[in-house]
Amino acid sequence: MQPAIPYDQLLASPTLRRVEVSYGTDDPKIEHETKEGYIPASCTAPFDPAWFSLPADRYNPLLATSSMGLASATYGNRQANGFSYILDTMAAYGFKDVDISSYLHRNRDDHTDIDHDVNLVAYAFGHQALVGPDGEEFELVACVVRGTSPTLEWLSNADVADSVEDGGYASLRWHEGFRASELECLGNIERYLRDHGLDTATTRIWNCGHSRGGPVSNILGMDLDIWGDRGFSVTPDHVYTYTLACSLTTFDGDAHGPRYGNIWNINHPEDFIGRIPAAYWGFRRYGTDVFLPSIATSYRAFQRTKADADRRFLTLGGARAYTVHGIAGPDTFVHEAVCCAATVAEMYTLPHAAGRRWHPFSDFFQAFCRVAGTGGLERVKAAASLARLAAGAYWHALSYFVEDQFLKPLSPITHNEQHYLARLEAVDALVEDVLDGWRADTRRITFYGTLDVDVVCLDDPHPTDTFDDGTVSLEGAALQPRAEGGRVVSRIVGGKVDPDLLDTPDSVAVYADHRADRLCLWLPVDGRYLVRLTAREDNAAIDATCAVCHPEGAVLAQEAFSAGSLAAGHSLVLDGADLVGRLPQGRVEEAWASFAERGDFPPTLAVDAVPYPPRPDGGDAVGDRGLMAGDHALLRAYEVAGHRFRGWHEDAGDGTPGRLVSRDRVMTVKVGEEDARYVAVFD
């Protein structure tokens, strides 16, 4: 991958200017909301005609920011406001003959089109004549795709493979809802070019979108890159595709290949929308993924840009910045989906218990999206239906989502268009290079046990005490910072993260999963921290792991170790440098090199759970997937229609029970070097 176009070059351009962006938001956390549900607002974004004479296969950070600015104008447009946000913004950018016909019956006031076909999206086209630095004249066509509207368009996001029949999931190439929406957009951009007599041999195309508009733009970028196969003479070097908050879109094995080097996907690691459908199922995006700074993945860049980004968000959204803290929330939600369905085929064909009935994960996912796409009484009905479906195996997925996305200060602010714009502007202001954002400067440290955790930052990089092999037992004494200026910056108590410390200077990302007695910390590799563990109960053995993670959660390399034992009420202090060093830097470099070469995550392990007798003649069971050696797998058994749970057994072969292992309905298993399977026996 080539380096990004330098900021110095971009900022020195004499044709660089700021344009006014009009937008409206209906985010429920934004203050000063109007009765219509939208706040009319405006901001400015950079724009330079010279960008479209630069190589499309080199990342342009200012074009990324401008793409988010333009995409912000797609929201809130309706008959009641004359679609003014998108029309005014396109005009400010200099585009004429603006076509917003797709908006007319696909908005909050009039959603007739979507009531008949949810696999649709709204978009705007416009063109303008430009002259490049060398005097070359050309037309620039903009195609900006709107994110999901507050209509049943949400159901299209759940249409992963609804039309597949007779088990033909192996032939699936794209997320069906995104693909169907993109094909209509593609046909209309072809019509737009013809109607306005634009010469495709010289025309250049700026293609962008946020949220649902991101994956539609992503697939559209692929089609534009191969337009020559359809008789159009636009070439990839004249197509500039920038997606924001983009979901995964395709199974294509060459999606990351050089053919699509002009497609750039800018995502925030803490935004769960970018994680679905699951990468574990084989999905990816066309082009190159670029990740904004996150406290859990790009710690130093996050700290440098946070204050400025928060200030900008206050200006853009009329509200304070909400703390965005770590990638564990989206990780856990997607992980639960994968546990319920290991493949797209299982998503549609493997039923799990939902109360007294059996439903595949696709039913739950559609009900989940229907809640977001309805309002008033219809939303109440949709929520009741979702609750019924979650009365069983899908409860974990729903409860994780509710806890991590709504009861904690994470998303939906993370996904908000103004949040993306604020982060991008802050990155630009400090001239941060985000292309290497996937190379985490943190390590995820995981402890398994009934523990409380204090993370202490040492201001002095040379602590006065010498550690014996990185550990000191304090036997219940209060934590004493090991150097002057040391202070607690992050804390987990009673299975909950202390919210009062989330914005503490030098704080780190932490996460507590009380269901699995799992506590995670993301420590910066160049930081100076102590970690104090305090046992709430006797812990005969505290298993732990140190991992380097991809920004979208996948573990690239991991080392398992033991943190010893700890009696109830006693404490143990660990040196953060020792914890981070458990995974040698050489292994980290190898993992990064392997990922850069293949573009795929390393293989993982599974601990499967099967019910006996088989579904639907007994109870239900859910195993664990996407694991590495040293992890703890969580297996769950569900009693259905009077079928009582009798115990977990080893698998004697073909899903029949062998030796009894446990009589607890929820069982934890330490993961070894190979896959495993257990049988849940019911009456």
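All of these numbers come straight from a predicted model, not from anything done at the bench.

Rules and cut-offs
- Residues numbered from 1 in each chain as written.
- Predicted model: local features only at pLDDT ≥ 70, side-chain atom pairs only at ≥ 80, totals over all residues.
- Heavy atoms only, no water.
- Phe/Tyr/Trp six-rings, centres within 6.5 Å; stacked < 30°, edge-to-face > 60°.
- Helix = DSSP H or I, 4+ residues; strand = E, 2+ residues; numbered from the N terminus.
- Buried < 20%, exposed > 50% of the residue type's maximum accessible area, 1.4 Å probe, protein only.
- Axes fitted to C-alpha atoms, helices over the stretch in contact; angles between N-to-C directions.
- Parallel < 35°, antiparallel > 145°, perpendicular 65-115°, else oblique.
- Left-handed = near helix turned anticlockwise from the far one by under 90°.
- Contact = heavy atoms within 4.5 Å.
- Nonpolar A, V, L, I, M, F, W, Y, C, P; charged D, E, K, R; others polar.
- Pairing = 2+ DSSP bridges.

A. Molecular detail of the packing of aromatic side chains. Inspection of the entire model under this criterion finds 29 aromatic pairs. Aromatic side chains W281 and F361 sit 6.5 Å apart centroid to centroid with 70 degrees between the ring planes, which places their arrangement in the edge-to-face category. Of the two residues, W281 sits in the loop between β8 (263-267) and β9 (288-291) while F361 sits in helix α11 (residues 361-372), which places them 80 residues apart along the sequence. Since its relative accessible area comes to 9%, W281 is described here as buried. On the accessibility criterion, F361 (4% relative accessible area) is buried. Geometrically, the ring pair formed by F595 and F601 is stacked, given 5.5 Å between the ring centres and 10 degrees between the ring planes.

B. Representation of the packing of α11 against helix α12 (residues 376-389) in the model. At a closest axis distance of 8 Å, the pairing of α11 and α12 adopts a crossing angle of 155 degrees. With respect to α12, the element α11 is oriented roughly antiparallel. Between α11 and α12 lies a crossing whose hand is left-handed. Within the contact between the two elements, α11 uses D363, F364, A367, F368, R370, V371 and A372 and α12 uses R379, A382, A383, L386 and L389. Grouping the amino acids of the contact of α11 with α12 by side-chain chemistry returns nine nonpolar, no polar and three charged.

C. Quick peek at the sheet that holds β9. The strand order β3-β4-β5-β6-β7-β8-β9 describes an open sheet built from seven strands, whose pairing is mixed. Only two strands of the sheet have a single neighbouring strand rather than two, namely β3 (96-99) and β9. Ignoring strand direction, the axes of neighbouring strands in this sheet form an average angle of 20 degrees. Looking at chain direction, β8 and β9 are connected through four bridges and run parallel. Bridge pairing in β9 links W264 to T288. Sheet strands touched by helix α2 (residues 61-72): β5 (137-145), β6 (204-210), β7 (239-244) and β8. Its angle to β6, the strand with the most contacts, is close to 65 degrees.

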